[in-house]
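Structural overview
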Amino acid sequence: MNSAQYDSSIQIQSHAPGYWPNVTPEKWNDHKWQLRNRINSLVELEKHIELSREERSGILLSGNKLAMSITPHFMNLVDRTDPNCPIRRQIIPRVEETLDDPMELTDPCGEDSHMPVPGLVHRYPDRVLFLVTDRCASYCRYCTRSRVVSGVGEQQLETQYEAAFEYLERTPSVRDVLLSGGDPLLFTDAKLDRILTRLRQIPHIQFVRIGSRIPIFLPQRITPELCNMLKKHHPLFISVHTNHPKELTSEVQEGLIRLAEAGIPMGNQSVLLKGVNDDVETQRALVHKLLMCRVKPYYLYQCDLIKGSSHLRTSVQKGLDIIEGLRGHTTGYAIPQYVIDGPGGGGKIPLNPNYIVEHTDNHVTLRNYENKKFTYPEPQPLEVFQ
Ligand SMILES: *Cc1c(COP(=O)(O)O)cnc(C)c1O
């Protein structure tokens, strides 16, 4: 697809006529209806779309690894006939998930070995990742936490809330808590309010954020009541997760703007996925639409070495080429930081195209986004008195 076509698709569009033509708007807009009517089985899915052999086998074989679950809202973005649809690849299992690659890991970011309390990952000096639930509205096939998420695998997430709060209370070095899972916005407003209130009672916790794909999978959950509750706990940020421009519908945009109007700054985390968003044009359309939804592109992740992810992983060069294709060519605010989460547990490591051509004691020679060269002299010792 050429970039002109993408430019015209930058209009935020509402849903195409969907797979649920007879449902009332009241039901459709009710997040509980959406959750009750998720597609969880092959039989349900085949009522709506024609599956490829790879998908049918994938659904049959992946059931005890990571559950399939698709909200009606997200399902409506799925192309009925195209098995290569970028939405389909994210949420419908494929047979390639059963392929064994010896480089792949059950716990690709080494989280389990960095938990002082079950459910609390303390890897960096001043911040923690608090896994508050193992459930999501829908399940991404490349989930970095598929070992514990969705409740069908062998390993279970056994978060000890009280022990986690006590650990945070007695660990003053922690000033930043990231609530994730699973998806914390699946909790009721009251339950989330209790967790946030408890965290806010700890004086050294300055900053709280929530990682959630609910604004994308289930925008109906972003109610005015939820926003009113969240804004009591500022400074509160939200990291959303969007991979393809098609995901940013007008319903999603409305929810995101509601969060922005509650004073919540938002960042987006994308995963670089083969056949989904591994080209500059798709990424450019995505980051432009995110800004129109008041979301700053935050990280672009190289896909973790999750078991059964080989069909979704791309080369690192692809990621570097995407950043190179964005930086300088478009708004600086639109450019995410490309990172690899160090396999086995190194944390997020930034990767950048190399703009330094030569660096000596006297000068640095740089290239810009157009490959033109520029020299910046290094400061030399000043000799005022000879
Ligand atoms: C990603 C992550 C964080 C947050 O990292 P930031 O770079 O501050 O966004 C914290 N803890 C863990 C274990 C993480 O994986």
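The rules behind each value
Residues numbered from 1 in each chain as written. Predicted model: local features only at pLDDT ≥ 70, side-chain atom pairs only at ≥ 80, totals over all residues. Heavy atoms only, no water. Helix = DSSP H or I, 4+ residues; strand = E, 2+ residues; numbered from the N terminus. Rg over C-alpha atoms; globule rule 2.2 N^0.38 Å. Buried < 20%, exposed > 50% of the residue type's maximum accessible area, 1.4 Å probe, protein only. Contact = heavy atoms within 4.5 Å. Salt bridge = Lys/Arg side-chain N within 4 Å of Asp/Glu carboxyl O. Domains from an automatic or database assignment. Phe/Tyr/Trp six-rings, centres within 6.5 Å; stacked < 30°, edge-to-face > 60°. Lys NZ or Arg CZ within 6 Å of the ring centre and 35° of its normal. Near = heavy atom within 4 Å. Polar contact = N/O pair within 3.5 Å; in protein donor to acceptor, adjacent residues only side chain to side chain. Areas by Shrake-Rupley, 256 points an atom, 1.4 Å probe, with all protein chains shown as cover. Pairing = 2+ DSSP bridges. Axes fitted to C-alpha atoms, helices over the stretch in contact; angles between N-to-C directions.

**Notes on the overall build of the chain**
Across its full length, the chain holds 14 helices and 12 strands. Over its C-alpha trace the chain gives a radius of gyration of 22 Å, about what one expects of a compact globule, namely 21 Å for 386 residues. Here the C-alpha coordinates of the chain stretch approximately 85 × 55 × 45 Å along the principal axes. Out of the 386 residues in the chain, the part that is buried amounts to 53%. Counting only contacts in the chain whose residues sit at least 6 apart along the sequence, the fraction spanning at least 24 positions is 75%.

**A short note on the pattern of salt bridges**
Where charged atoms of side chains with opposite charge meet at close range, the side chains can pair. Inspection of every chain in the model, using the stated rule, returns 24 salt bridges. Glu104 is paired through a salt bridge with Arg313; the nearest N and O atoms lie 2.4 Å apart. Here Arg313 lies in the loop between β7 (295-302) and α14 (316-326) and Glu104 lies in the loop between α7 (88-91) and β1 (120-124), a separation of 209 residues in the sequence. The exposure class of Glu104 is buried, given its relative accessible area of 3%. In this structure, Glu162 and Arg198 form a salt bridge, with 3.0 Å as the shortest nitrogen-oxygen distance. Of this pair, Glu162 sits in helix α8 (residues 161-169) while Arg198 sits in helix α9 (residues 189-200); the two residues are 36 residues apart in sequence, bridging distant segments of the chain. One network of salt bridges, with partners in common, ties together Asp107, Glu111, Asp112, Arg145 and Arg147.

**Describing the side chain of His31**
Within the fold, His31 resides in helix α3 (residues 31-36). In contact with His31, other than residues within four places in its own chain, are Leu218, Gln220, Arg221 and Thr223.

**Side note on the domain arrangement of the chain**
For the chain, the assigned domains are domain 1 (1-353) and domain 2 (355-386). Taking only C-alpha atoms into account, the centre of domain 1 sits 41 Å from that of domain 2.

**A look at the packing of aromatic side chains**
For any pair of aromatic rings, geometry is given as the distance between the ring centres together with the angle between the planes. Applying the stated criterion to the full structure yields 9 aromatic pairs. Considering the side-chain rings of Phe74 and Phe217, the 4.7 Å spacing of their centres and the 90° angle between planes classify their relative orientation as edge-to-face. Note that Phe74 is positioned in helix α6 (residues 72-75) and Phe217 in helix α10 (residues 214-217), a separation of 143 residues in sequence. The pair formed by Phe74 and Phe217 is uniform in burial state, with each residue classed as buried. Seen in terms of ring centroids, Phe207 and Phe237 are 4.7 Å apart; in terms of plane orientation they differ by 65°. Their pairing is edge-to-face. With a gap of 30 residues between them, Phe207 in strand β4 (residues 207-212) and Phe237 in strand β5 (residues 236-241) connect regions that are remote in the sequence. Of the residues examined, Phe207 reaches a relative accessible area of 18% and is grouped as buried. Since its relative accessible area comes to 34%, Phe237 is described here as partly exposed. Among the aromatic residues, ring-to-ring pairing joins Tyr19, Trp20, Trp28 and Trp33 into one connected group. Sitting over the face of the ring of Tyr124, Arg127 holds its NZ or CZ atom 3.9 Å from the ring centroid. If you follow Lys191 out to its NZ or CZ, it ends over the ring of Phe187, 4.3 Å from the centre.

**Quick look at the site of the ligand**
Taken together, Val121, Arg123, Tyr124, Arg127, Leu129, Leu178, Arg209, Tyr298, Tyr299 and Lys348 make up the full set of residues adjacent to the ligand. Between an oxygen atom of the ligand and a side-chain N or O atom of Arg127, the distance comes to 2.8 Å. A distance of 2.6 Å is found between an oxygen atom of the ligand and a side-chain nitrogen or oxygen belonging to Tyr298. Burial of the ligand by the surrounding chains reaches 90%, relative to a free accessible area of 390 Å². Every element with two or more residues in the shell around the ligand is listed here: β1, β2 (127-131) and β7.

**Re the side chain of Thr171**
Of note, Thr171 is situated in the loop between α8 and β3 (176-180). Thr171 sits in the buried class, given a relative accessible area of 12%. In terms of polar contacts, Thr171 uses its side chain to reach the backbone carbonyl oxygen of Tyr167, at 2.5 Å. When near neighbours in sequence (up to four residues on either side) are disregarded, Thr171 contacts His122 and His204.

**Comments concerning the pairing of strand β10 (residues 356-359)**
The sheet contact formed by β10 and strand β11 (residues 363-367) spans 3 bridges and is antiparallel. For His359, the partnering residue across the bridge sits in β11 and is Val364.

**Here we look at the sheet that holds β10**
The 3 strands lie next to each other as β10-β11-β12, forming an open sheet whose pairing is antiparallel. Of all strands in the sheet, those with a lone pairing partner are β10 and β12 (373-377), marking the two edges. In this sheet, adjacent strand axes meet at a mean angle of 15° when their direction is disregarded.

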